[in-house]
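Observations on the model geometry
The lines below spell out each chain.
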Amino acid sequence: MYDLMARYYDQTHDALTEDVPLVLELAAQANGRLLELGCGTGRLLVPLAQAGHRVVGVDNAGAMLARADKRLAQLPVTIRERVTLVEADMTTFTLAAELRPAALCLVPYNTLLHLDEGALRQTLRQAATHLAANGRLFLDLANPFTLASVPDDQAVTLEATFTDPETDDIVLQFASYRPDDEAQQLHIIWWYDEAPATGGAIHRTVVPVTYHYRYPHELELLLHEAGFRLEALYGGYDKRPFDELSERLLVTAVLG
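1. Thoughts on the nonpolar core
Residues Leu35, Leu37, Val58, Leu137, Trp190 and Phe228 are the most contacted members of the largest nonpolar core, which totals 55 residues. Setting aside anything within four residues of it in sequence, one finds Leu35 in contact with Val56, Val58, Phe93, Leu95, Ala102, Leu104, Cys105, Leu106 and His130. By size, the runner-up hydrophobic cluster in this structure holds 27 residues, among which are Ala30, Ile79, Leu106 and Leu250.

If you want it as structure tokens, here you go:
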């Protein structure tokens, strides 16, 4: 999926910075290496490395990691060498001995929504095996109550318009949403219509996605199964308490 949309990803996500202060706060509390699952193009890797942290970024999309590598290449060597990129599936990855254990595992913005229950169980177990004793886990998810309330009208909406900096082409991002309350899924179709700056036919890229959402009590049970103890639930990056109207569902948990 992300191999299809990698070239558009930064244009729609680089403006997302609200989570950075909290991520840096959690990283500062950790005593050791960091692990980010679903690191994508390195949006969080850069500020973490700039803050002095050693971090391993895991992602299964080679095109996303190529863009992360390009982003990191713009940094001074002393900062860039703090980051290790690993192309692997977060449900089955095994890091080399010199890259573990981690003191903190981050699973950033909506990453876990791509996983069904079986894949989520595997990911949490893999995270546990790569954490030090009393290591922490941070999950950043959309509020499931918000996802469950998406209208079932499959309306097409224009979500973003931007210029591709590599081609100067104009790109329009559209989306359509179809909820399945019984399965706790939100089916999404994103498509990107790219109009060449020099004129000519519009090129369309279609990306179908399914989000799997869980409520707090379900996450707590899954975390317990993987050996974690729920530490806190937040409803926003300012660590406000979570409720049904919160913008986000942020979870911290401790191994053991």
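2. Thoughts on the sheet that holds strand 6 (residues 156–163)
Spatially, the four strands line up as an open sheet ordered 6-7-8-9, and their pairing is antiparallel. Single-partner strands in this sheet number two, and they are strand 6 and strand 9 (203–212). Averaged over all neighbouring strand pairs, the angle between strand axes comes to 20°, with direction disregarded. Pairing of strand 6 with strand 7 (residues 170–180), which is carried by seven bridges, proceeds in the antiparallel orientation. Note on strand 7: the bridge partner recorded for Phe162 is Val171.

3. Remarks on the pairing of strand 8 (residues 185–195)
Within a regular strand, the side chains alternate between the two sheet faces. Counting buried residues in strand 8 gives nine out of 11 residues, a clear majority hidden from the surface. When strand 7 meets strand 8, the two strands line up antiparallel, connected through 11 bridges. The residue bridging Ser176 from the neighbouring strand is Ile189, located in strand 8. Hairpin connection between strand 7 and strand 8: a loop of four residues separates the two successive antiparallel strands, and Gln184 in this loop has a positive phi of roughly 55°.

4. Structural notes on the packing of helix 1 (residues 2–13) against helix 4 (residues 62–72)
Running from N to C, helix 1 and helix 4 point in directions that differ by 30°, and their axes come no closer than 7 Å. Compared by their axis directions, helix 1 and helix 4 come out roughly parallel. In contact with Tyr2, Asp3, Ala6, Arg7, Tyr9 and Asp10 of helix 1, helix 4 contributes Gly62, Ala63, Met64, Arg67 and Arg71. Each residue belonging to the contact of helix 1 with helix 4 can be placed in one class, and the counts come to five nonpolar, one polar and five charged.

5. Digging into unusual backbone geometry
Along the chain, Arg100 connects to Pro101 via a cis peptide bond; the corresponding omega equals 5°. Mapped onto the elements, Pro101 comes out in the loop between strand 3 (83–87) and strand 4 (102–107). The backbone of Asn110 sits at a positive phi, close to 65°, despite the residue not being glycine. With respect to the secondary-structure elements, Asn110 resides in the loop between strand 4 and helix 6 (117–129). With a relative accessible area of 9%, Asn110 lands in the buried category. Positive phi, normally seen in glycine, also occurs at Lys239, with a value near 65°. Within the secondary structure, Lys239 is located in the loop between strand 10 (228–234) and strand 11 (248–255). For Lys239, a relative accessible area of 35% puts it in the partly exposed group.

6. Here's the deal with helix 4
Every α-helix carries 3.6 residues per turn, so stepping three or four residues along brings you back to the same face. Every buried residue of helix 4 is accounted for by Met64, Leu65, Ala68 and Leu72. Taken down its axis, helix 4 places every buried residue within 95° of arc, on the same side. Contacts made by the buried residues of helix 4 are with helix 1, helix 3 (45–50), strand 2 (55–59), helix 5 (77–80) and strand 3.

7. A short note on the side chain of Asp193
Of note, Asp193 is situated in strand 8. There is a polar contact of 2.7 Å between the side chain of Asp193 and the side chain of Arg204. Setting aside residues up to four positions removed in sequence, Asp193 forms contacts with Ile170, Val171, Leu172, Phe174, Ile202, His203 and Arg204.

What counts, and at which threshold
- Residues numbered from 1 in each chain as written.
- Predicted model: local features only at pLDDT ≥ 70, side-chain atom pairs only at ≥ 80, totals over all residues.
- Heavy atoms only, no water.
- Core = buried A, V, L, I, M, F, W, Y, C linked by side-chain atoms within 4.5 Å.
- Buried < 20%, exposed > 50% of the residue type's maximum accessible area, 1.4 Å probe, protein only.
- Contact = heavy atoms within 4.5 Å.
- Pairing = 2+ DSSP bridges.
- Helix = DSSP H or I, 4+ residues; strand = E, 2+ residues; numbered from the N terminus.
- Axes fitted to C-alpha atoms, helices over the stretch in contact; angles between N-to-C directions.
- Parallel < 35°, antiparallel > 145°, perpendicular 65-115°, else oblique.
- Nonpolar A, V, L, I, M, F, W, Y, C, P; charged D, E, K, R; others polar.
- Arc of directions from axis to C-beta.
- Polar contact = N/O pair within 3.5 Å; in protein donor to acceptor, adjacent residues only side chain to side chain.

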